[in-house]
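In case you want the letters, here they are:
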Amino acid sequence: MSIDSSMEELDIDNVAKDILTAANIDVGTLKSLSREDLRDLLPGPEHFLRRKYIWEMYNPVEQASNHSAFSSGTACMAGTSGSSCIKEGEKETGDITRTLSIPSPQYLIYTDSELENMKAYFFQLQRLGRAGDCELSKELTCRLVRNTVTNMLSAVRALHDEEKHYPSKEDLVAMAKRLVQYYPMLADKLDIQRPWIEVFKRLQKRLHNVRSPKKSQGCTPARGKRKLHMDTDDLDDSTIILSASDMSTPSTPEAHTQLVTLLEDGTPGASSTPVKDVGQDSRMAQSRHYKHLQEMCRKSRPNQDDVGQLLELEFQGRRQFIDSDTLKEVDRPAKILDAYSCFRNLDHVLEELRRIVDKDNRRYVIELKERWENCRTKLAFYGVYKKTMKPPLGLPADEQAIELMMSLPVMFPSGHPAPKKMSSPSEALIHVLQSTEAPEPYLRKRTLATPFVLVGPSDCFVCAGSIPIAKFERSRLSESCLFIMAYYYCFHMTYPKCISSVLSFLQTEVLGDAIHEKDQTVSFKRAKADWQALLA
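In this text, all values refer to a predicted model and were calculated from it rather than measured experimentally.

Enquirer: Describe the packing of helix α10 (residues 169-182) against helix α11 (residues 197-208), naming the residues involved and giving the relevant values.
Expert: Viewed as axis vectors pointing N to C, α10 and α11 meet at an angle of 135°, and their least axial separation amounts to 8 Å. Classified by the angle their axes make, α10 and α11 are oblique. For α10 against α11, the interelement crossing comes out right-handed. Contacts between α10 and α11 involve Lys-169, Leu-172, Val-173, Met-175, Ala-176, Leu-179 and Val-180 from the former and Val-199, Phe-200, Leu-203, Gln-204 and Leu-207 from the latter. Here the contact of α10 with α11 is composed, by residue class, of 10 nonpolar, one polar and one charged.

Shown next as structure tokens:
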């Protein structure tokens, strides 16, 4: 068949026939021409429709896939309600519906000419049974994920919803499913049940790397109280921070990453749930909280509510540092106070006791003081009954508190003598300075490093060994037993043998923290039985 006779069979105009005949192009050669070849044969805008007609005549697959397409760079609708109904014949031809009607917000699937060409090439190979040979390049995949997440963020922020600033996980799952339907070459060949899971992971990772735009401050710095805001860039649950700062903290207690439980006999918190080791992401967040806490404590008048909130957030990392075996018993109070100077505040120490014993009970401190007032009345009666105390009638409240604390080791004896240079076991709990006695020499010669109360003429101090920790008025002497127990828990210190029965009694009856029967000494069981017999 000649070229002229073959051209007569084509349904094209005479101008195109003459040009193809002059170039010796027959029907067989015409089928193999590319877009660039047609553009060379029929150059110029006046031949655009002729080129398009000839190309679509011999490329019906691409014509079908681009039948309802917008121009290059357009997008199709997808959203959170899942995939739309797709006919069985559509998957074979590649003519998948692009529009999906969903409730607000409506998201956009990104597409461009290169992605559409790859999609057409996939369906050509699919008809030949070679669909597995078609893979989307890394560049195109990154471009698709990046622009899809950008479109989703734009759609969410266009709603001006104060509660929703980012697409939800359900939105990402629905978008991943829709992308796999629209671009089948993205499907995960290893996971038949969830072929969209790899696309979902890429979308989620891209979303986590997106930073919220910040408004420029301008020439005038922000004034007023610094406000708390939510940092949603962390994977770990929402993290509350006070300001942006570097995460590196050389002196942070998070350097102690190994958790070793020191729950020995008579150690406070022996019945509490041990702290679980935290992950790497959580360590970074805990380290950041600790640095904010240090910066706040350096201020002359820090906001105590903010300090308490940061102590709440940094609790796991702090207990991991304190409970580890890197601190010796003697050095523990000094090093902990160097790391957390806020524990010189008695209110923060009582709150720390709450976090250790009953973290979820926000009224624990109030209930603790009520239990102690009730127990203190019974102890005074018990002391008079055992003839270790005089009737407190007519005595001031501070004198009654001092006499009660001095009598406690006699009411609940432990069977062990007082350490050297101590006149009686009660000196491990309280010491009253004489008129000729100075506090500094007494603290230097003290042998025990555990918390106790030092009573002066006008003020009182909670001390640990030779370190004065907190100062309080004599009117609060009735609460001094609670302060001592709180510091035992805060510093994670072992009870001295000479007053172990007293502190174990306070732990079980006042703090409400039970001790396992195997950890109870014989003297404590005997003293507790006498106490319960009196109450009965």
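Enquirer: Mind laying out unusual backbone geometry, listing which residues take part and the relevant values?
Expert: Most peptide bonds adopt trans geometry, and most residues besides glycine take a negative phi value. The phi angle at Lys-387 is positive, at roughly 60°, despite the residue not being glycine. Examined against the element boundaries, Lys-387 turns out to sit in the loop between α17 (364-385) and α18 (397-411). Positive phi, normally seen in glycine, also occurs at His-492, with a value near 55°. Relative to the assigned elements, His-492 resides in the loop between α20 (480-491) and α21 (500-510).

Enquirer: Please set out the sheet that holds strand β8 (residues 467-473) residue by residue, giving values where relevant.
Expert: Strand order across the open sheet formed by four strands is β5-β6-β7-β8, with mixed pairing between neighbours. Two strands lie at the open edges of the sheet, namely β5 (430-432) and β8, each paired on one side alone. Within this sheet the neighbouring strands show an average axis-to-axis angle of 25°, counted without direction. Of the strand pairs in this sheet, β5 and strand β6 (residues 451-455) are connected by three bridges, and their pairing is parallel. Looking at the pairing, Val-432 lines up with Val-455 of β6. Each of β5 and β6 is contacted by α18, which is oriented at about 130° to β5, the strand it contacts most.

Enquirer: Let's hear about the packing of aromatic side chains: which residues, and what values?
Expert: For any two aromatic rings, the description comes down to two numbers: the centre-to-centre distance and the angle of the planes. Tallied over the full model, the rule gives 14 aromatic pairs. Taken together, a centroid distance of 6.4 Å and an interplanar angle of 70° make the contact between Tyr-442 and Phe-452 edge-to-face. Taken together, the residues Tyr-442 in helix α19 (residues 439-444) and Phe-452 in strand β6 connect sequence positions 10 residues apart. Accessibility expressed as a relative area gives 0% for Phe-452, which makes it buried. Here Phe-472 and Phe-483 contribute two aromatic rings whose centre-to-centre distance is 5.3 Å and whose plane-to-plane angle is 70°, an arrangement assigned as edge-to-face. Separated by 11 residues along the polypeptide, Phe-472 in strand β8 and Phe-483 in helix α20 bring together distant segments of the chain. Residue Phe-472 is classed as buried on the basis of its relative accessible area of 4%. Overall, Phe-483 belongs to the buried group, its relative accessible area being 1%. An aromatic cluster is present here, built from Tyr-382, Phe-412, Phe-505 and Trp-531 joined pairwise through their rings.

Enquirer: Explain the pattern of salt bridges to me, using residue names and the numbers behind them.
Expert: Evaluated as defined, the whole model comprises 22 salt bridges. Note that Glu-312 is salt-bridged to Arg-354, the shortest N-O span being 2.9 Å. One end of the pair, Glu-312, is in helix α13 (residues 304-313); the other, Arg-354, is in helix α16 (residues 346-357), with 42 residues separating them in the sequence. Lys-369 is the partner of Glu-479 in a salt bridge, and the nearest nitrogen-oxygen pair spans 3.9 Å.

Enquirer: Can you tell me about helix α14 (residues 315-323), naming the residues and giving the values?
Expert: In terms of burial, α14 is a largely internal element, eight of the nine residues being buried. Listed as buried for α14 are Phe-315, Gly-317, Arg-318, Arg-319, Gln-320, Phe-321, Ile-322 and Asp-323.

Enquirer: Run through helix α22 (residues 522-535), naming residues and quoting values.
Expert: Compared with the 20 Å implied by 1.5 Å per residue over 14 residues, the 20 Å span of α22 between its first and last C-alpha is a close match. Along α22, the residues classified as buried are Ser-523, Phe-524, Ala-527 and Trp-531. Taken end-on, α22 shows its buried residues confined to a sector of 100°, consistent with a single buried face. Pointing more than 90 degrees away from the buried face of α22 are the exposed residues Val-522, Arg-526 and Ala-533. If you follow the buried residues of α22, they end up packed against α17, α18 and α21.

Enquirer: For the environment of Asp-530, give the residues involved together with the corresponding values.
Expert: Along the chain, Asp-530 falls in helix α22. On the basis of relative accessible area, Asp-530 is assigned to the partly exposed category, the value being 39%. Spatially, the C-alpha atoms of Asp-530 and Tyr-382 are 9.9 Å apart, while their sequence positions differ by 148 residues. Discounting residues that sit within four places of it in the chain, Asp-530 has contacts with Tyr-382 and Lys-386.

Criteria and thresholds
Residues numbered from 1 in each chain as written. Predicted model: local features only at pLDDT ≥ 70, side-chain atom pairs only at ≥ 80, totals over all residues. Heavy atoms only, no water. Axes fitted to C-alpha atoms, helices over the stretch in contact; angles between N-to-C directions. Helix = DSSP H or I, 4+ residues; strand = E, 2+ residues; numbered from the N terminus. Parallel < 35°, antiparallel > 145°, perpendicular 65-115°, else oblique. Left-handed = near helix turned anticlockwise from the far one by under 90°. Contact = heavy atoms within 4.5 Å. Nonpolar A, V, L, I, M, F, W, Y, C, P; charged D, E, K, R; others polar. Pairing = 2+ DSSP bridges. Phe/Tyr/Trp six-rings, centres within 6.5 Å; stacked < 30°, edge-to-face > 60°. Buried < 20%, exposed > 50% of the residue type's maximum accessible area, 1.4 Å probe, protein only. Salt bridge = Lys/Arg side-chain N within 4 Å of Asp/Glu carboxyl O. Expected span 1.5 Å × (residues − 1). Arc of directions from axis to C-beta.

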